[in-house]
Amino acid sequence: MKNITVIGSGTMGNGIAHVFAQYGYHVNLLDTQKEVLSKALTTIADNLDRQIRKELVRSDEKNSILKRIKTYTNIRESTQDADLVVEAATENFDVKAEIFEQLDVFCPKTCILASNTSSISITKIAASTSRPQQVIGMHFMNPVPMMKLVEVVRGYATTGATVETIMSLSKNIEKTPVEVNDYPGFIANRILMPMINEAIYSLYEGVAGVGEIDAVMKLGMAHPMGPLQLADFIGLDVCLSIMKVLHEGFGQPKYTPCPLLVNMVAAGHKGVKSGEGFYQYTSGSKELKIAERFNK
């Protein structure tokens, strides 16, 4: 594999493009607007600078890495020579299904189609194509340049050859691939999201405050970040979406989203991306302040 197309240039998409380009692959980065793509390239350049300061990347490599990334707003042009496409669009099945229908038409017949979805069924996504045996989940963790794990999700029809190709490719970019089967939430979010949801229930029911809940998990369980702060960084809307997938997929009460989470998303308080969730965020500041409504 030499040519990788990444669809979606947001936090996950630009991170995936960054890593593939860093390891010598030619990357076509696709999004709907040129302004969004320009912002993505700036983010990649800034993240490369951080890697240079940490001596993870040599300073003379930066320009060559950036030159390996080309930007597109046309899906046909960006995928015509692709060996692999990694879709990193919004976490919505209808959006992904439409993208995969187009990929099936425009991509070479040998191209593998991967989704970075964190919870949506790969089998269901693959049914939008005529090549379900070549459709697979490639779930990177955020921030992509730093996190080693890639969940490699085998759909119902995904062949062993496709899995082996993606496992090998993940190792080539110095990630640690872990193969999982296609059930709601896979492994990472099937375990993580109910924990976050339970932390929100603990706050909702008045068991403890925001700072106290996060302190218990950081100090007692050695988590680098408390579950409520982590939810803010993931995005409360994303957390809610994944909980809905789990609830619908398993039909069990334990996956019911906490009413507080539902209300916060409805009110537009989505965490870091909106400036407020369980904490308040000021641009350029690392200081966290518990959101006013949760202060005792």
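A short tour of the structure in this document, coming up. Note that residues are indexed from 1 along each chain, following the sequence as it is written. Confidence filtering applies because this is a predicted model: local features only for residues at pLDDT of at least 70, side-chain atom pairs given and counted only at 80 or more, and all residues used for totals across whole chains, interfaces and linings. Computation of side-chain values covers all heavy atoms of the structure but excludes hydrogens and water.

## Comments concerning helix α1 (residues 11-22)
- Helix numbers and strand numbers start at the N terminus; a helix is a DSSP run of H or I with at least 4 residues, a strand a run of E with at least 2. By definition here, a helix of n residues has an expected span of 1.5 Å times n minus one. End to end, α1 covers 17 Å across 12 residues, agreeing with the expected 16 Å (1.5 Å per residue, within 8%).
- When a residue's accessible area, from a 1.4 Å probe over protein chains only, is under 20% of the maximum for its type it is buried; when over 50% it is exposed; and in between it is partly exposed. Summarising burial for α1: 10 of the 12 residues are buried, a large majority.
- Taken residue by residue, α1 has Met12, Gly13, Asn14, Gly15, Ile16, Ala17, His18, Val19, Phe20 and Ala21 as its buried positions.

## Comments concerning the sheet that holds strand β7 (residues 149-154)
- In this description, strands pair whenever DSSP reports at least two bridges between them. Strands sit in the order β3-β2-β1-β4-β5-β6-β7-β8 across an open sheet of 8 strands; the sheet is mixed. The sheet is open, and its two borders are formed by β3 (69-72) and β8 (176-181), each paired with just one other strand. Within this sheet the neighbouring strands show an average axis-to-axis angle of 25°, counted without direction.
- By the bridge criterion, 5 bridges tie strand β1 (residues 3-7) to strand β2 (residues 26-30) in an arrangement that is parallel. A fitted line through C-alpha atoms represents every axis, and for helices the fit uses only the stretch in contact; the resulting angles, taken between N-to-C directions, go from 0 to 180 degrees.

## Here we look at helix α10 (residues 227-234)
- Those residues of α10 that sit buried are Pro227, Leu228, Gln229, Ala231 and Asp232.
- In what follows, residue pairs with any heavy atoms lying within 4.5 Å of each other are defined as contacts. Contact partners of the buried residues in α10: α8 (188-204), α9 (210-221), α11 (236-250) and β9 (279-280).
- Residue Gly235 follows α10 closely and has a positive phi angle near 110°.

## Focus on the side chain of Asp104
- You can see Asp104 is positioned in helix α5 (residues 93-106).
- Asp104 sits in the buried class, given a relative accessible area of 12%.
- A distance of 2.8 Å separates a polar side-chain atom of Asp104 from the backbone nitrogen of Ser130.
- Non-local contacts of Asp104, meaning those with residues more than four positions away in its chain, are made with Lys109, Leu113, Thr129, Ser130 and Arg131. What qualifies as a polar contact is a pair of N or O atoms within 3.5 Å, subject to a donor-acceptor requirement within protein and to the restriction that residues adjacent in sequence count only when both atoms come from side chains.

## A look at the pairing of strand β4 (residues 84-87)
- Residue alternation in β4 divides its side chains into two sets, Leu84 and Val86 and Val85 and Glu87, and both sets are buried.
- Here β1 pairs with β4 via 4 bridges, running parallel. Counterpart to Ile7 in the pairing with β4 is Glu87.
- Pairing between β4 and strand β5 (residues 112-115): 4 bridges, direction parallel. Paired with Val86 across the strands is Ala114, a residue of β5.
- A clockwise path from the first strand over the helix to the second, with the strands pointing away from the viewer, defines a right-handed crossover. In this fold, the crossover linking β4 to β5 by way of α5 has right-handed handedness.

The values reported here are purely geometric and, on their own, carry no functional implication.
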